[in-house]
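Architecture and fold: a report
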Amino acid sequence: MQKASVLLFLAWVCFVFYAGIALFTSGFLLTRLELTNYSSCQEPPGPGSLPWGSQGKPGACWMASRFSRVVLVLIDALRFDFAQPQHSHVPGEPPVSLPFLGKLSSLQRILEIQPHHARLYRSQVDPPTTTMQRLKALTTGSLPTFIDAGSNFASHAIVEDNLIKQLTSAGRRVVFMGDDTWKDLFPGAFSKAFFFPSFNVRDLDTVDNGILEHLYPTMDSGEWDVLIAHFLGVDHCGHKHGPHHPEMAKKLSQMDQVIQGLVERLENDTLLVVAGDHGMTTNGDHGGDSELEVSAALFLYSPTALFPSTPPEEPEVIPQVSLVPTLALLLGLPIPFGNIGEVMAELFSGGEDSQPHSSALAQASALHLNAQQVSRFLRTYSAATQDLQAKELHQLQNLFSKASADYQWLLQSPNGAEATLPTVIAELQQFLRGARAMCIESWARFSLSFLLLHLLAAGIPITTPGPFTVPWRAVSAWALMATQTFYSTGHQPVFPAIHWHAAFVGFPEGHGSCTWLPALLVGANTFASHLLFAVGCPLLLLWPFLCESQGLRKRQQPPGNEAEARVRPEEEEEPLMEMRLRDAPHHFYAALLQLGLKYLFILGVQILACALAASILRRHLMVWKVFAPKFIFEAVGFIVSSVGLLLGIALVMRVDGAVSSWFRQLFLAQQR
């Protein structure tokens with residue numbers, strides 16, 4: 001068997017596995033078609049008249065704007081409990097004082113002094129809780145795919161309709177300062193921008209201090225309509241020290257001073273939004289879907305009254321994507337085309353002096369516009385692809401048709417509106433929440449193609465080529481040792497457990513704008529065991545020979561051949577150790593093929609088990625926390641191991657070829 005044939009056949013088997021992984025990934029992980037449609041003021045989201053408040057007013061779009069300006073302060077990894085007061089405790093248990101509690105005291109003070117002007121929400125984040133995916137959600141109102149987590153450090157421009165696109169189309173001046181991830185997501189979209197490198201998590205102050213250098217002068221200049229400041233110090237402090245370190249208290253206190261300074265400079269036509277893009281674990285990491293990771297703070301404030309009632313005792317829980325349609329309508333912009341968030345209806349009810357009936361009618365108008373936009377998106381999306389489940393989609397469209405008809409009747413029959421309004425609002429909210437739930441469920445479906453390809457790969461015959469055979473138990477033990485080494489070196493198949501500090505080994509000052517080098521270092525640290533054991537796998541063929549005792553041993557002669565053996569004493573001696581490879585070189589190459597197939601088969605069984613677990617439990621509560629990350633780690637580990645196996649076999653063949661050439665030269669020299 002030729003060397004090239006062995007390598008090509010193993011490469012083909014690897015390709016079959018790769019194709020299976022790709023098919024399963026596309027069929028199981030959150031995947032969706034990104035539409036390039038855009039909402040516009042000239043094209044209403046649906047039939048019927050627009051709310052009366054938007055007719056005849058300059059600059060009005062789907063709904064009359066309530067604010068001319070917005071200041072968005074994005075504090076990376078601002079967990080919800082970071083915004084809670086100093087003594088937070090469960091009833092019946094003693095108070096607990098933690099370093100991060102009570103540091104954002106200005107929020108609590110505003111809520112107490114001006115309850116109709118401010119509100120604190122618990123923002124429920126969709127996993128994965130990585131910064132790039134959260135920024136996509138906060139600007140498009142959609143669900144970034146789970147597989148997008150891999151591009152968290154190599155962001156690509158957003159092609160979907162988004163708030164930044166709508167703002168620039170409307171001629172609004174958008175000024176940004178902070179995390180340079182925005183530069184890649186929205187290239188050329190800002191009228192003025194101050195970007196700072198974001199990857200060096202050991203640096204707690206460079207980005208934040210750079211923002212503070214420009215924040216207040218920019219705000220005082222008035223040359224902006226939307227001001228976005230993305231602070232990174234809290235997130236970096238979590239990665240470096242964890243949330244319970246005194247440094248976290250210092251960073252939160254600094255953010256509190258920033259908020260106070262902004263509140264003092266706000267004008268009546270300006271809305272202040274303070275938001276966290278995600279939370280963090282008790283170790284300061286994020287990326288998964290634990291309660292601490294998906295729970296972020298959201299604070300809204302305006303110098304003019306926003307709410308007709310005082311804040312509830314427990315902050316309301318809202319999906320993070322709800323901020324997108326809310327900001328769009330408050331600013332008099334169209335809601336982004338692919339948004340599936342629900343407007344925060346309370347913000348459209350008027351101030352504390354508004355009448356209950358007019359407040360409810362304004363909420364219904366905002367919800368109806370939102371529902372029209374979501375219904376239009378579902379129709380367009382279902383026409384472009386078959387991802388959405390037809391039965392649920394039909395039920396939702398029927399629900400929307402009924403809610404829309406009731407709303408139109410409400411506008412035409414104001415006499416019975418007071419009794420019908422709560423029903424219409426409930427129907428519209430039911431449709432919006434059902435649509436979002438259907439999208440989440442429909443974008444996590446399983447494809448059986450992966451199983452078929454794996455069965456094909458598993459069915460490849462593995463023969464026993466002559467004397468060189470590595471038993472299954474040895475190959476299985478070798479593969480299990482690679483897995484055991486992965487765990488024993490402190491790794492786990494979940495995103496928060498990735499050793500991000502490995503990116504700075506040898507580079508304590510960071511990498512500048514380079515992203516591939518830190519990604520390579522983190523990958524090498526994570527999958528080192530897979531690579532080393534795969535490269536060393538071909539050595540299993542040589543180990544039995546190396547364990548033989550030194551010296552010569554006699555060949556076993558069949559019965560009746562003693563006389564012949566005495567005649568040919570020179571043939572009684574059998575070569576030992578790796579010298580026996582010279583007796584049957586063709587068997588050696590076949591044995592390498594057998595060993596490679598066995599190792600790939602065992603790795604394939606592992607990833608197949610992960611795929612089965614993820615698919616069978618795809619509706620399980622923990623699917624995105626445990627099973628999907630485990631599958632991704634196994635898939636990447638398989639790719640690394642298969643490449644390492646091919647390299648190891650190629651290296652052994654290269655060494656064997658060199659040794660064979662040396663033997664030939666040695667034999668020729670002896671014959672002379």
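Residues numbered from 1 in each chain as written. Predicted model: local features only at pLDDT ≥ 70, side-chain atom pairs only at ≥ 80, totals over all residues. Heavy atoms only, no water.

1. Structural notes on the pairing of strand β9 (residues 295-301)
With 7 of 7 residues buried, β9 lies mostly within the body of the structure. Burial of the side chains of β9 extends over both faces: S295, A297, F299 and Y301 are buried on one face and A296, L298 and L300 on the other. Bridge count for strand β4 (residues 118-124) against β9 is 7 bridges, and the pairing is antiparallel. Bridging across to β9, Y121 finds its partner in L298. Pairing between strand β8 (residues 270-275) and β9: 4 bridges, direction antiparallel. Bridge pairing links V273 to L300 in β9. (Buried < 20%, exposed > 50% of the residue type's maximum accessible area, 1.4 Å probe, protein only. Helix = DSSP H or I, 4+ residues; strand = E, 2+ residues; numbered from the N terminus. Pairing = 2+ DSSP bridges.)

2. Considerations on the side chain of D285
Among the secondary structure elements, D285 is positioned in the loop between β8 and α9 (291-294). One buried charge, D285, has no salt-bridge partner; the nearest side chain with opposite charge is R79, at 11 Å. Within the structure, D285 has its side chain in polar contact with the side chain of H239 (distance 3.5 Å). (Lys, Arg positive; Asp, Glu negative; His and termini not counted. Salt bridge = Lys/Arg side-chain N within 4 Å of Asp/Glu carboxyl O. Polar contact = N/O pair within 3.5 Å; in protein donor to acceptor, adjacent residues only side chain to side chain.)

3. Overview of the environment of A345
The topology assignment puts A345 in the loop between α10 (323-330) and α11 (356-384). With 20 residues separating them along the chain, A345 and S365 place their C-alpha atoms 9.3 Å apart. Beyond its immediate chain neighbours, meaning those up to four positions away, A345 contacts Q363 and L367. (Contact = heavy atoms within 4.5 Å.)

4. Comments concerning the state of the cysteines
Applying the stated rule across the entire model yields 1 disulfide. The residue that forms a disulfide with C41 is C61, at a sulfur-sulfur distance of 2.0 Å. When the S-S torsion is -120 degrees, as for the bridge of C41 with C61, the disulfide is left-handed. Pair noted here: C41 is in the loop between α1 (3-28) and β1 (69-75) and C61 is in the loop between α1 and β1, with a separation of 20 residues, a long-range link. (Disulfide = S-S within 2.5 Å.)

5. Notes on the sheet that holds β4
Read from one edge to the other, the open sheet built from 8 strands follows the order β6-β5-β7-β1-β8-β9-β4-β10, with strand pairing classed as mixed. The open sheet terminates on both sides in strands that have one partner only, identified here as β6 (192-196) and β10 (317-319). On average, each strand axis in the sheet is tilted by 20 degrees relative to the strand beside it, whichever way the strands run. The pairing of β1 with strand β7 (residues 226-231) spans 6 bridges and is classified as parallel. Counted as the bridge partner of V70 is V226 from β7. (Axes fitted to C-alpha atoms, helices over the stretch in contact; angles between N-to-C directions.)

6. Focus on a nonpolar patch on the surface
Where nonpolar side chains cluster on the molecular surface, the patch consists of L651, V655, V659, W662, L666 and F667 and spans about 540 Å² of accessible area. Looking at where L666 falls in the secondary structure, it is placed in helix α21 (residues 623-671). The exposure class assigned to L666 is partly exposed, which follows from its relative accessible area of 32%. (Patch = residues over 30% accessible without salt bridge, like charges linked within 9 Å, V, L, I, M, F, W, Y side chains within 5 Å. Areas by Shrake-Rupley, 256 points an atom, 1.4 Å probe, with all protein chains shown as cover.)

7. Here's the deal with unusual backbone geometry
Although it is not a glycine, A77 sits at a positive phi angle of roughly 65 degrees. Within the secondary structure layout, A77 lies in the loop between β1 and β2 (87-88). You can call A77 buried: its relative accessible area is 0%.

8. Regarding the UniProt feature "transmembrane region" (unreviewed entry) in the protein
Here, UniProt's "transmembrane region" (unreviewed entry) annotation points to residues 6-30, 527-546, 588-616 and 636-655. Secondary structure within residues 588-616 divides into 100% helix and 0% strand; the distance between the first and last C-alpha atoms comes to 42 Å. A distance of 29 Å separates the end C-alpha atoms of residues 636-655, which is 100% helix and 0% strand. (UniProt positions renumbered as here; feature names shortened; annotations may be inferred.)

9. What to know about the packing of aromatic side chains
As enumerated under the stated definition, the model contains 19 aromatic pairs in all. A ring pair is formed by W182 and F186, whose centres lie 5.6 Å apart and whose planes are at 35 degrees; its orientation type is tilted. Linked through ring pairs, F176, W182, F186, F190 and F195 together constitute an aromatic cluster. A cation sits over an aromatic face here: R69 above W224, 4.6 Å from the ring centre. (Phe/Tyr/Trp six-rings, centres within 6.5 Å; stacked < 30°, edge-to-face > 60°. Lys NZ or Arg CZ within 6 Å of the ring centre and 35° of its normal.)

10. So, α10
Side chains three or four residues apart in an α-helix point the same way, a direct result of the helix having 3.6 residues per turn. α10 sits mainly inside the fold: 8 of its 8 residues count as buried. Contacts from the buried residues of α10 go to α3 (131-140), α4 (163-169), β8, β9, β10 and α11. Of the residues one or two after α10, G332 is the one with positive phi, at around 75 degrees.

11. A few points about the environment of Q389
Secondary-structure assignment places Q389 in the loop between α11 and α12 (390-412). Among the residues examined, Q389 registers a relative accessible area of 23% and is labelled partly exposed. Placed 49 residues apart in sequence, Q389 and M438 show a C-alpha to C-alpha distance of 7.8 Å.

12. Quick notes on the nonpolar core
Formed by 78 residues in total, the largest nonpolar core has its most connected members in W182, V273, L298, L378 and F431. If one sorts the elements of this core by residue count, α11 sits on top with 11 residues. When residues are assigned to domains, this core turns out to be shared by domain 2 (67-87 + 94-343) and domain 3 (355-444), each giving three or more. (Core = buried A, V, L, I, M, F, W, Y, C linked by side-chain atoms within 4.5 Å. Domains from an automatic or database assignment.)

13. Considerations on the packing of α11 against α12
Between α11 and α12, the least distance of the axes is 10 Å, while the angle of their chain directions is 145 degrees. For α11 against α12, the interelement crossing comes out left-handed. Across the interface between the two elements, L361, A364, S365, H368, A371, Q372, S375, L378, R379 and S382 from α11 touch L393, Q397, F400, S404, Y407, Q408 and L410 from α12. Looking at the contact of α11 with α12 residue by residue, the classes come out as 8 nonpolar, 8 polar and 1 charged. (Left-handed = near helix turned anticlockwise from the far one by under 90°. Nonpolar A, V, L, I, M, F, W, Y, C, P; charged D, E, K, R; others polar.)

14. Focus: the pattern of salt bridges
This model, assessed by the stated rule, comprises 12 salt bridges. Where R173 meets D225, a salt bridge forms, and the shortest distance between an N and an O atom there is 3.2 Å. With a gap of 52 residues between them, R173 in the loop between α4 and β5 (174-179) and D225 in the loop between α6 (206-221) and β7 connect regions that are remote in the sequence. Using a relative accessible area of 34% as the deciding quantity, one classes R173 as partly exposed. By relative accessible area, D225 is classed as buried at 14%. Residue D208 pairs with K251 through a salt bridge whose shortest N-O separation is 2.9 Å. Remark: K251 occurs in helix α8 (residues 246-265) and D208 occurs in helix α6; sequence separation between them is 43 residues. Salt bridges sharing partners connect three or more residues here, namely D205, D208 and K251.

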